[in-house]
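Each chain, written out:
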Amino acid sequence: MRLTIDVKECIDKSVLCWLATASSINVPNVSPKEIFKFYGINSIIVANIASPQTVKNIKQNENVCISFIDILVQKGFQIKGKAKIIEKKDLEFLNMEKELLEMTEGKFPFATITKITIENIKPIIAPKYILYPETTEKEQIASAKKVYGLG
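My aim in this report is to walk through the structure given alongside it, one point at a time. What you are looking at is a predicted structure, and each value in this text was computed from that prediction instead of being measured.

Cut-offs applied
Residues numbered from 1 in each chain as written. Predicted model: local features only at pLDDT ≥ 70, side-chain atom pairs only at ≥ 80, totals over all residues. Heavy atoms only, no water. Pairing = 2+ DSSP bridges. Helix = DSSP H or I, 4+ residues; strand = E, 2+ residues; numbered from the N terminus. Axes fitted to C-alpha atoms, helices over the stretch in contact; angles between N-to-C directions. Contact = heavy atoms within 4.5 Å. Buried < 20%, exposed > 50% of the residue type's maximum accessible area, 1.4 Å probe, protein only.

Topic: the sheet that holds strand β6 (residues 75–87)
The 7 strands are arranged β2-β1-β5-β6-β7-β4-β3 in an open sheet whose pairing can be described as antiparallel. With partners counted over all chains shown, the strands left at the sheet margins are β2 (28–33) and β3 (36–39), one partner each. Within this sheet the neighbouring strands show an average axis-to-axis angle of 30°, counted without direction. Its contacts with the sheet place helix α3 (residues 93–104) against β3, β4 (43–48), β6 and β7 (112–125), and it is angled at close to 135° to β3.

So, in structure tokens, the structure goes:
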């Protein structure tokens, strides 16, 4: 499955994403990620900064789910796929590292990278848009700002 322009824009605008993994005995784990970007036409890469459980789970079970959402617009995407831990010895590592180092400015060291090959993309949309179809993004942003105390 290929990343669309809408998904790429959402990834670019997102400050955090959430990566869900499961162990070999299906114990779930969700971890916020700060350094990530789309890579090529069907992959997302994530710097493994301080996530030993995420790495351990992926080595046991490659199935993952990663989500991005604009907290004010309350729209985003849920992406499911197969993850692989890319290590410094792997040929792909240097190109991926270069992409992620632009984001970290060298401030967050990482020894491995998670590469997620996308299998399924599903939109995430706040229930308000469904229950009240006349809701505009502008109205939703104003409502979210009020709820979050952002003036």
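With respect to the environment of Phe77
In this fold, Phe77 is placed in strand β6. In sequence terms Phe77 and Ile11 are 66 residues apart; their C-alpha atoms lie 8.8 Å from each other.

Here's the deal with unusual backbone geometry
With phi around 65°, Asn26 is a residue other than glycine that occupies positive phi space. On the secondary structure map, Asn26 appears in the loop between β1 (17–22) and β2. A relative accessible area of 57% places Asn26 in the exposed class. One non-glycine residue, Glu105, lies in the positive phi region at around 55°.

Keep in mind these numbers describe shape, not what the thing actually does.
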